[in-house]
Amino acid sequence: MTFGDKMRRFFRSEQGVGMMLVSPTALYALLLLAVPLVAIFVISFWTQTGVRDFDTTFTLANYKEALTDPLYRQLMLRSLMVSGLVTLITVVLAFPIAYFVSFGVKPEHKSLWIFLITIPFWTSYLIRVFLWKVILGYNGVLNSGLLAVGAIDEPLSFILYNVNAVIITLAHAYAPFAILPIFVALEKIDRSLLEASRDLGESRTMTFLRVTLPLAAPGVVAAVLIVFIPTIGDYVTPRLVGGPGGLMIANMIQTQFLRLNNAPLGATLAVLAMLIVAVIAIVFMLLGNKAAGGNTGGRRK
Amino acid sequence: MTIKKKPSGPALITLQKVEKHYGDYHALRDINLEIGQGEFFSLLGPSGCGKTTLLRTIAGFEDYDSGYVMISSKDMRGVPANKRPTNMVFQSYAIFPHLTVLQNVAFGLRKSAMSKAEKTKAAEDALEMVGLKGYGHRAAHALSGGQRQRVALARALVLKPKVLLLDEPLSALDRKMREQMQVELIKLQREVGITFILVTHDQEEALVMSDRIAVMFEGEIVQCDDPEVLYRKPKSKRVADFIGVMNFLPATVREEGGKYIASVAGLGETEITGEQCPAGVPLGEATVGFRPETLTLLYEGQTATHREAPATIEEVVYYGDMTYYDVKFEGVDKPVRISMRNIFGRDVLDVGAPARVSWSPGALVVFGAGE
């Protein structure tokens, strides 16, 4: 068999067809995800000597600095706190909405509701963040509204250019991301399980706690991860509405790379942030699996 | 002939004039039933006849427009499912996938006054009763269909309900398993003495298992009797056709000197009694029904015990233990089915062969022509 025959056979086999189908995406992911990640990881062990010059001798100095300097530690903790709160608020508010759409809406109207929930995504993320500026600003919608009805005597200043504004804006931006996985998990629950629970003597509340909630756990975990992972590295929102007190780790990484010409330290901070997120994500996934009793939603006969 | 019958206790469940509509659809029509303590009762009918709706009404999952549902003489209107002395085995079994087998069975024991150890013991005993001893630690999703069904049974029975409701519990099982479970369910019911109400579309299953059967069509109970009466004396052609196989031949009935004479196509004239007309004697145009096993093909040298009619064999269907013959009587277009046991020494007859059919006038059931 010639090489050409072998190739022809390979491309006709299921394996070959599969390879061809995934190769564009695989290549894309390799070039734009894996390569930059490796580059960041490598650079974090270097030292910058000039604008484009690096001393490529292996060093742990960046890690030492990143872990000991209180500034970086404070930014990292703030990022964790902000994304943690955003995740908590978003998921807690998203659950009732998902529950309503899954249990309270007629089946034929469900897709319409899901469609409506995605409407905020029709405008760009940047514009939505700007809109929150308009709402939360000193002379913004919220303050003038409250002044007009006499609820406050002078404009509130604690709602913009600080951590609160970052949390409010991010929670709003990620709400649909939290609603959808929870909705899907709730949709998968066999309704006869809820009837069985009632039949076995449990009230509506206990049925929710003993059946609905544990079975929705995989969706909740997915929602937590989907909100938590991107928000911890969010850069635009703290930049626009956070003020100096609302900056997060991503802003510092940007500063290191572009302003302070210290790419290796920026890379180090990025690697550390990724590690922390990875650890938290894994812990969450394990917790979610436990809550669902090892059942990940798949039904076997 | 009589079949062994359990003494039926006082009425545990009473339904009076229960009506239900889904919009324009009349789901339950004037349901009146009394189901006794310890009875094995079946609701039988084709899909969409309202039998599951009726079961869910008793369980407390469906509201009804009017009428009364009483359990132990207590009106159940407004009583939610979790406060009723009934437990249900769902068609899908509804086993909680996030719990183990033992946790599933013990699910309903949360509020009971038993200690934790007693609850575990009760759940384990229930598992043993349904033949799943030692399965308690297994994950619910790792069970086979038959095992799931047993878990569902154990989960309901561990609560010692007054009534166990079974919604097509055997329909998802294969034939062998189903027949085995039928026998096990009958035994189990005798053992625990709880009233069972079974919903099924399988007439054979209903006949095998029940003390009494209510046949439902279009939201209405058309006949409620014990299996033998239902099989032998169906009140309408429709019931006769739904329960087992029934042959029908056109006939005319007339009264002569206080006797009823039926003239049946292909069979000739015969006297019938009022007993043979479950819905009253239909004078004039009528239909006569008879079961395949009430007819016999006569072999050479045999003579009919009562009456004999000439026929031709149209079709032979061989089942191993039985042979079904479709035969045509003279002057009748529609073939009639006859079932014969293949006892030793009895040959299967050929298609197209002339045959003599032995029949008994007493085995006929007479219906009105229109019913």
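It should be emphasised that the depicted structure is a prediction, and the values quoted were computed from it without experimental measurement.

**Points about the overall build of chain A**
A count of helices and strands for chain A gives 13 helices and two strands. In terms of overall size, chain A is more extended than a compact globule, its C-alpha atoms giving a radius of gyration of 24 Å where 301 residues would be expected to give roughly 19 Å. Here the C-alpha coordinates of chain A stretch approximately 85 × 70 × 35 Å along the principal axes. Going through the 301 residues of chain A one by one, you find that 40% of them count as buried. Pairs at least 24 apart in sequence give 67% of the contacts found in chain A among residues at least 6 apart. Of the roughly 17000 Å² of accessible surface on chain A, a fraction of 71% belongs to carbon and sulfur atoms. Separation of charge centres in chain A, based on 23 positive and 15 negative side chains, amounts to 6 Å.

**Focus on the sheet that holds strand S14 (residues 284–290) of chain B**
Residue and element names in this part refer to chain B. The strand order S13-S12-S11-S14-S20 describes an open sheet built from five strands, whose pairing is antiparallel. With one partner strand each, in any of the chains shown, strand S13 (268–272) and strand S20 (365–368) form the two edges of the open sheet. Adjacent strand axes in the sheet meet at a mean angle of 40°, parallel and antiparallel pairs treated alike. Strand direction decides the pairing type here: strand S11 (residues 247–256) and strand S12 (residues 259–264), joined by six bridges, are antiparallel. Bridge assignment links Arg-254 to a residue of S12, and that residue is Ile-261.

**Details of the confidence of the model for chain A**
Close reading of the predicted structure is inappropriate where its pLDDT is low. Residues and elements named next belong to chain A. Confidence in the prediction of chain A, expressed as mean pLDDT, is 89, and 96% of residues score 70 or more. Of all helices and strands in chain A, the one with the weakest mean pLDDT is helix H1 (residues 3–12) (81), whereas helix H9 (residues 191–199) scores best (95). Note on residues 295–301: pLDDT is under 50 here. Beyond four places in sequence and across chains, it has 13 contacts.

**Brief notes about the sheet that holds strand S9 (residues 212–217) of chain B**
Residues and elements named next belong to chain B. A sheet is described by the order of its strands in space; here six strands give the open sequence S6-S7-S8-S3-S9-S10, paired in mixed fashion. Taken across any chain shown, the strands that pair with only one partner, and hence form the sheet edges, are strand S6 (86–89) and strand S10 (220–225). Between one strand axis and the next, the sheet turns through 20° on average, direction left out of account. The sheet contact formed by strand S3 (residues 40–44) and strand S8 (residues 195–200) spans five bridges and is parallel. Paired with Phe-40 across the two strands is Phe-196, which belongs to S8. The sheet contacts of helix H4 (residues 145–157) involve S6 and strand S7 (163–167), and relative to S6 the element is tilted by about 175°.

**Notes on the interface of chain B and chain A**
Taken together, the contact pairs 24 residues of chain B with 23 residues of chain A. When residues of chain B are sorted by the area they lose upon contact with chain A, His-98, Phe-107 and His-141 of chain B head the list and together hold 30% of the total. Put simply, chain B and chain A have two salt bridges between them. The residue Glu-202 of chain A makes a salt bridge to Arg-110 of chain B at a minimum N-O spacing of 2.5 Å.

**Notes on a nonpolar patch on the surface**
Residues and elements named next belong to chain A. A cluster of nonpolar side chains, contributed by Phe-100, Leu-112, Trp-113, Phe-115, Leu-116, Ile-119, Phe-121, Trp-122, Phe-177 and Ile-226, occupies part of the molecular surface with about 940 Å² of accessible area. No other element matches the four residues that helix H5 (residues 110–117) contributes to the nonpolar patch. Tracing the chain through its elements places Leu-116 in helix H5. Judged by relative accessible area, Leu-116 falls into the partly exposed class, the value being 41%.

**A look at the domain arrangement of chain A**
Interface size is commonly expressed as the accessible surface area that is lost when the partners come together. Segmenting chain A into domains produces domain 1 (1–36) and domain 2 (70–291). Taking only C-alpha atoms, the centre of domain 1 of chain A and the centre of domain 2 of chain A are 38 Å apart.

**Re the packing of helix H4 (residues 70–104) of chain A against H5 of chain A**
Residue and element names in this part refer to chain A. The contact between H4 and H5 brings their axes to 9 Å, and the two run at 155°. Judged by the angle between their axes, H4 and H5 are roughly antiparallel. Along this stretch, H4 crosses H5, giving a crossing that reads as right-handed. Across the interface between the two elements, Ile-97, Phe-100, Val-101 and Ser-102 of H4 pack against Lys-110, Trp-113, Ile-114 and Ile-117 of H5.

**Quick word on the domain arrangement of chain B**
Residue and element names in this part refer to chain B. Split by domain assignment, chain B resolves into domain 1 (1–85 + 201–244) and domain 2 (245–368). Spacing between the C-alpha centres of domain 1 and domain 2 amounts to 33 Å. Counting residues at the interface gives 12 residues for domain 1, matched by 13 residues for domain 2. The interface formed by domain 1 and domain 2 holds five residue pairs in polar contact (both at pLDDT 80 or more) in total. Taken together, the elements giving at least two residues each to the side of domain 1 that touches domain 2 come down to helix H7 (227–232) and helix H8 (237–242). Here the residues of the side of domain 1 that touches domain 2 sort into five nonpolar, two polar and five charged.

**Observations regarding the UniProt feature "domain: ABC transporter" (unreviewed entry) in chain B**
Mapped onto the present numbering, the UniProt feature "domain: ABC transporter" (unreviewed entry) falls at residues 13–243 of chain B. The straight-line gap between the two end C-alpha atoms of residues 13–243 of chain B is 25 Å; of that span, 34% is helix and 27% is strand.

**Regarding the UniProt feature "domain: ABC transmembrane type-1" (unreviewed entry) in chain A**
According to UniProt, the feature "domain: ABC transmembrane type-1" (unreviewed entry) maps to residues 76–286 of chain A in the numbering used here. Strand forms 0% of residues 76–286 of chain A and helix 77%; the C-alpha atoms that close the span are 24 Å apart.

**Focus on the packing of aromatic side chains**
Within the structure shown, the criterion is met by 16 aromatic pairs over all chains. Here the aromatic cluster, defined as three or more aromatic residues joined through ring pairs, consists of Phe-41, Phe-45, Phe-58 and Tyr-63 of chain A. Directly above the ring of Phe-103 of chain A sits Arg-191 of chain A, whose terminal nitrogen or CZ lies 4.0 Å from the centroid. In this structure, Arg-210 of chain A is placed above the aromatic ring of Phe-107 of chain B, and the distance from its NZ or CZ to the ring centre is 3.8 Å.

**So, the side chain of Arg-178 of chain B**
Residue and element names in this part refer to chain B. One can find Arg-178 in helix H5 (residues 175–192). Buried within the structure, Arg-178 lacks any salt-bridge partner; Asp-202 is the closest side chain of opposite charge, at an N-O distance of 4.2 Å. One polar contact links the side chain of Arg-178 to the main-chain carbonyl oxygen of Leu-173, over a distance of 3.2 Å. In this structure, Arg-178 is in contact with Leu-170, Leu-173, Asp-202 and Glu-205, ignoring residues within four places of it in sequence.

What counts, and at which threshold
- Residues numbered from 1 in each chain as written.
- Chains lettered and ligands numbered in written order.
- Predicted model: local features only at pLDDT ≥ 70, side-chain atom pairs only at ≥ 80, totals over all residues.
- Heavy atoms only, no water.
- Helix = DSSP H or I, 4+ residues; strand = E, 2+ residues; numbered from the N terminus.
- Rg over C-alpha atoms; globule rule 2.2 N^0.38 Å.
- Buried < 20%, exposed > 50% of the residue type's maximum accessible area, 1.4 Å probe, protein only.
- Contact = heavy atoms within 4.5 Å.
- Areas by Shrake-Rupley, 256 points an atom, 1.4 Å probe, with all protein chains shown as cover.
- Lys, Arg positive; Asp, Glu negative; His and termini not counted.
- Charge placed at Lys NZ, Arg CZ, Asp CG, Glu CD.
- Pairing = 2+ DSSP bridges.
- Axes fitted to C-alpha atoms, helices over the stretch in contact; angles between N-to-C directions.
- pLDDT = per-residue confidence, 0-100.
- Buried area = accessible area lost by both parts, 1.4 Å probe.
- Salt bridge = Lys/Arg side-chain N within 4 Å of Asp/Glu carboxyl O.
- Patch = residues over 30% accessible without salt bridge, like charges linked within 9 Å, V, L, I, M, F, W, Y side chains within 5 Å.
- Domains from an automatic or database assignment.
- Parallel < 35°, antiparallel > 145°, perpendicular 65-115°, else oblique.
- Left-handed = near helix turned anticlockwise from the far one by under 90°.
- Polar contact = N/O pair within 3.5 Å; in protein donor to acceptor, adjacent residues only side chain to side chain.
- Nonpolar A, V, L, I, M, F, W, Y, C, P; charged D, E, K, R; others polar.
- UniProt positions renumbered as here; feature names shortened; annotations may be inferred.
- Phe/Tyr/Trp six-rings, centres within 6.5 Å; stacked < 30°, edge-to-face > 60°.
- Lys NZ or Arg CZ within 6 Å of the ring centre and 35° of its normal.

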